[in-house]
Number of protein chains: 2
Amino acid sequence: MVKVFSYGELLKFTQLVFEKIGCSEQDASAAAKVLISADLRGIDSHGIARLTGYVRLWEAGRANARPQMKVVHETLSTAVVDGDSGLGLVVAPFAMNIAIEKAAKVGTGWVSVFNSNHFGIAAYHALKAVEQDMIGIAMTNASALVAPTFSVERLLGTNPICVAIPSGEEPAFVADLATTTAANGKLEILQRTGELAPAGWIQDKYGNASTDPHELKSGGALLPLGGDREHGSHKGYALGSVVDIFSAVLSGANYGPWVPPFPAYVAMPEQMPGKGIGHFFGAMRIDAFRKADDFKQHMDRWIRRFRSAKTVAGEHKVLIPGDPEREMENERLNNGIPLLHGVVEDLNNLGEKFGILL
Amino acid sequence: MVKVFSYGELLKFTQLVFEKIGCSEQDASAAAKVLISADLRGIDSHGIARLTGYVRLWEAGRANARPQMKVVHETLSTAVVDGDSGLGLVVAPFAMNIAIEKAAKVGTGWVSVFNSNHFGIAAYHALKAVEQDMIGIAMTNASALVAPTFSVERLLGTNPICVAIPSGEEPAFVADLATTTAANGKLEILQRTGELAPAGWIQDKYGNASTDPHELKSGGALLPLGGDREHGSHKGYALGSVVDIFSAVLSGANYGPWVPPFPAYVAMPEQMPGKGIGHFFGAMRIDAFRKADDFKQHMDRWIRRFRSAKTVAGEHKVLIPGDPEREMENERLNNGIPLLHGVVEDLNNLGEKFGILL
């Protein structure tokens, strides 16, 4: 039950929707590119399927279509950005650009952001640095769905980290990972198909292991990468915490259980300690460390050695982080992006409301 | 079968041993502090138990007791350090100090190191930044014991990452984690006790799951954090890869399967692409982002909220990263550091050789 659209069709529709809610043409275009990059790369949960969610945030007064983003504090290599409650899809490119500009001047740039909203996929932002021969880093906190080791309470988001690294003849290395065993998007797929989740992905509201993908609706939680203490869940919990602190405690955004939820119908947390959600971006110029050409030659050697590793029987090859998403991007640019029936229906309703044809 | 020593006794013995192999008094003192900090914090595998290993590296001509460390490339916020084949215990403090000095000037400092050796525990170095109201980051690559997802070959070290973050009235947040399911030190404990390893820690030489803690001696491998693909091992593999690239491809050290082994009796890899092993250090001044007092107040709130989370039945409390090691440090400063009989024997042999009494 899917319908296939071209990249251009989805991009244009998304841009028009963002313009209808009041974004400038420039912001709408930037936001659409970020959002649809998720569909291109196969991260369907973070792409156009969320467009109605973004519109609802705006309708609920939780997202500002005309943000006056600004730097509120800075040094030669750092900045804190106030996102003015703008769409993260607009705020994030603004902030990443500052990180890149600072790196161009002093070698590296680091930007922590408060008063923002969800920013799409981290890889889009990190890859902006790669275009400038820089290593790009992007992370964000998100509303709490994850229970730290030993906790029954949800205190962290799935808090992804992306590190994108340029190479020479080989494509860029792009590690983009939620700091949980499985991203929430994978759970959503199981909810739709009715399959059980593997052990180690979720716990119920008492903290018992569970395989029910609907567990989060009754007080359960996603588990940090590692799954349980014996398999290193304290490490996934620590990594998710670092993302939370860099993105929000450093900037003045909300953190831990106080991060605003994405669904506009979910009430805001009480006694919030900051503003909006937080992100953290970094850019490191390769030639701030060594000649870019030398680095790239060695990255190629690194990539080729790993890709040619002897594999477990039955497995084709060792993948380089970013390989599956890049292959998906090529495939979907050529053959289009399939959307589930439910998503198409949502988008048609949205289009009708705004007088736009998908 | 343990014997208990005071911190001061072990520190002095270690310093004298390093002086005997030719380190300056200052370097020997610095190296001893790094090494024994591991015993204090309960990371026994990385402490004085390795002292004979460091001496053997020196005997084999693989470690230089009188390194001429230098910055070979730099910008305002970055540097690359040539460790001149020195002990990592000496090179790492030198490099971390440069990161801190740069952060003091331009907000952040980032140093990649080549031509070094093993640097003890990452937390020691990261915590140096915390003393200056900075966030400290330390990572290192190591010889290959870990198989990437789908690989039967060992291509990565246990490649730890440490992030240490200052707080106010609460103690610092210190996440210090190998990017594997379990650190090699934990496997060594099972080897001594004869117990089996939990599923998900190791694989045999064909890539099959194994619980035999001796598996690495017959071609097996440690597994990346996550354990298997279904539980996110591709994320642990990606994180270990980032550590490898930041530490070695950025600096000019060896990477992947070419990282020199710690045991001096293991032959060096062939066709090595760089020099020695690599590290990566970062320091970010808190007040480069916001007022340090504001940040610390929010860190305290973060820590207290997580520590007071409702727990799974039977578990006492949610731990903050760094809690167990800090408690161990207090306990061992007061009551001494227990060493296993075999370790004491090794140290006595070492002492006899150099005419030092433990």
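Residues numbered from 1 in each chain as written. Chains lettered and ligands numbered in written order. Predicted model: local features only at pLDDT ≥ 70, side-chain atom pairs only at ≥ 80, totals over all residues.

Caption draft 1: Representation of the overall build of chain A. Along chain A, the regular secondary structure elements total 10 helices and 12 strands. Relative to the compact-globule value of 21 Å for 358 residues, chain A shows a C-alpha radius of gyration of 20 Å, a close match. Residue burial in chain A is summarised as follows: out of 358 residues, 58% are buried. Counting contacts in chain A only where the partners sit at least 6 residues apart, residues at least 24 apart contribute 62% of the total. (Helix = DSSP H or I, 4+ residues; strand = E, 2+ residues; numbered from the N terminus. Rg over C-alpha atoms; globule rule 2.2 N^0.38 Å. Buried ≥ 20, exposed ≤ 12 C-beta atoms within 10 Å, placed from the backbone. Contact = placed C-beta atoms within 7 Å.)

Caption draft 2: Broad picture of the interface of chain B and chain A. At the junction of the two partners, chain B supplies 65 residues and chain A supplies 65 residues. Looking at the side of chain B that touches chain A, the elements with two or more residues in it are β3 (78-82), β4 (108-116), β6 (161-165), β7 (173-177), α7 (233-249) and α8 (292-307) of chain B. For the side of chain B that touches chain A, the element with the highest residue contribution is α8(B), accounting for seven residues. Residue classes in the side of chain B that touches chain A are distributed as 36 nonpolar, 21 polar and eight charged. (Nonpolar A, V, L, I, M, F, W, Y, C, P; charged D, E, K, R; others polar.)

Caption draft 3: Spotlight on the packing of helix α1 (residues 7-20) of chain B against helix α2 (residues 25-40) of chain B. Residues and elements named next belong to chain B. Their axes nearest at 8 Å, the elements α1 and α2 cross at an angle of 140 degrees. Viewed along their axes, α1 and α2 adopt a mutual orientation that is oblique. In this structure, the crossing between α1 and α2 has a hand that is right-handed. Each of Tyr7, Leu10, Leu11, Thr14, Gln15, Phe18 and Glu19 in α1 lies in contact with α2, whose residues at this interface are Glu25, Ala28, Ser29, Ala31, Ala32, Lys33, Leu35, Ile36, Asp39 and Leu40. (Axes fitted to C-alpha atoms, helices over the stretch in contact; angles between N-to-C directions. Parallel < 35°, antiparallel > 145°, perpendicular 65-115°, else oblique. Left-handed = near helix turned anticlockwise from the far one by under 90°.)

Caption draft 4: The arrangement of the sheet that holds strand β10 (residues 221-222) of chain A in detail. All names here are of chain A. Pairing is antiparallel in the open sheet, where three strands are placed in the order β9-β8-β10. Bordering the open sheet on either side are β9 (209-210) and β10, each of which pairs with just one other strand. Here strand β8 (residues 202-203) pairs with β9 via two bridges, running antiparallel. Within β9, the position partnered with glutamine 203 by the bridge is alanine 209. (Pairing = 2+ DSSP bridges.)

Caption draft 5: Structural detail: α7(B). Compared with the 24 Å implied by 1.5 Å per residue over 17 residues, the 23 Å span of α7(B) between its first and last C-alpha is a close match. The buried count for α7(B) comes to 17 of 17 residues, which makes it a mostly enclosed element. (Expected span 1.5 Å × (residues − 1).)

Caption draft 6: Expanded view of the relation of the copies chain B and chain A. The two copies are related by a screw operation: chain B maps onto chain A through 180 degrees of rotation and 0.0 Å of translation along the axis, at an RMSD of 0.0 Å. Accordingly, the operation relating the two chain copies is best matched by a two-fold axis. The position closest to the rotation axis in chain B is occupied by the C-alpha of B:Gly226, lying 2.4 Å away. With an isologous cut-off of 70% or more, the 100% of interface residues of chain B that recur at the interface of chain A puts this contact in the isologous class. (Least-squares fit on C-alpha atoms with pLDDT ≥ 70 in both.)

Caption draft 7: Structural context of the pairing of β6(B). Residue and element names in this part refer to chain B. A large share of β6 lies buried, amounting to five of its five residues. Where strand β5 (residues 134-140) lies against β6, four bridges are found, and the strand directions are antiparallel. Within β6, the position partnered with isoleucine 137 by the bridge is valine 163. Both β6 and β7 contribute to a ladder of five bridges, which runs antiparallel. Each bridged residue has a counterpart across the sheet, and for isoleucine 161 the counterpart in β7 is leucine 177.

Caption draft 8: Here's a closer look at the sheet that holds strand β3 (residues 78-82) of chain A. Strand order in the open sheet formed by seven strands is β2-β3-β4-β11-β5-β6-β7 (chain A), with mixed pairing between adjacent strands. Both outer strands of the open sheet, β2 (70-74) and β7 (173-177) of chain A, are each paired with one neighbouring strand and no more. Sheet twist, expressed as the average angle between the axes of neighbouring strands with direction ignored, equals 15 degrees. Pairing of strand β5 (residues 134-140) of chain A with strand β11 (residues 277-285) of chain A involves seven bridges; the strand directions are antiparallel. Following the sheet pairing, A:Ile137 is matched in β11(A) by A:Gly282. Here α7(B) sits on the sheet in contact with β6 (161-165) and β7 of chain A, set at roughly 135 degrees to β7(A).

Caption draft 9: How the structure looks around the confidence of the model for chain A. Residues and elements named next belong to chain A. Summing up the model confidence of chain A, the mean pLDDT is 96 and the portion of residues at 70 or higher is 100%. Averaged over each element, pLDDT in chain A is lowest for helix α6 (residues 184-193) (84) and highest for strand β4 (residues 108-116) (99). Both scores are given for the predicted complex: the pTM is 0.98, the ipTM 0.98. (pLDDT = per-residue confidence, 0-100.)

Caption draft 10: Just the environment of A:Leu187, in detail. All names here are of chain A. Tracing the chain through its elements places leucine 187 in helix α6. Separated by 10 residues in the primary sequence, leucine 187 and alanine 197 place their C-alpha atoms 7.2 Å from one another. Filtering out sequence-adjacent residues up to four positions away, leucine 187 remains in contact with Ala182, Ala197, Trp201 and Pro213.

Caption draft 11: Structural view of the environment of B:Leu225. Residue and element names in this part refer to chain B. Tracing the backbone through its elements, the reader meets leucine 225 in the loop between β10 (221-222) and α7. Note on leucine 225: 31 C-beta atoms within 10 Å, which makes it buried. Residues leucine 225 and asparagine 159, spaced 66 residues apart in sequence, show a C-alpha to C-alpha distance of 11 Å.

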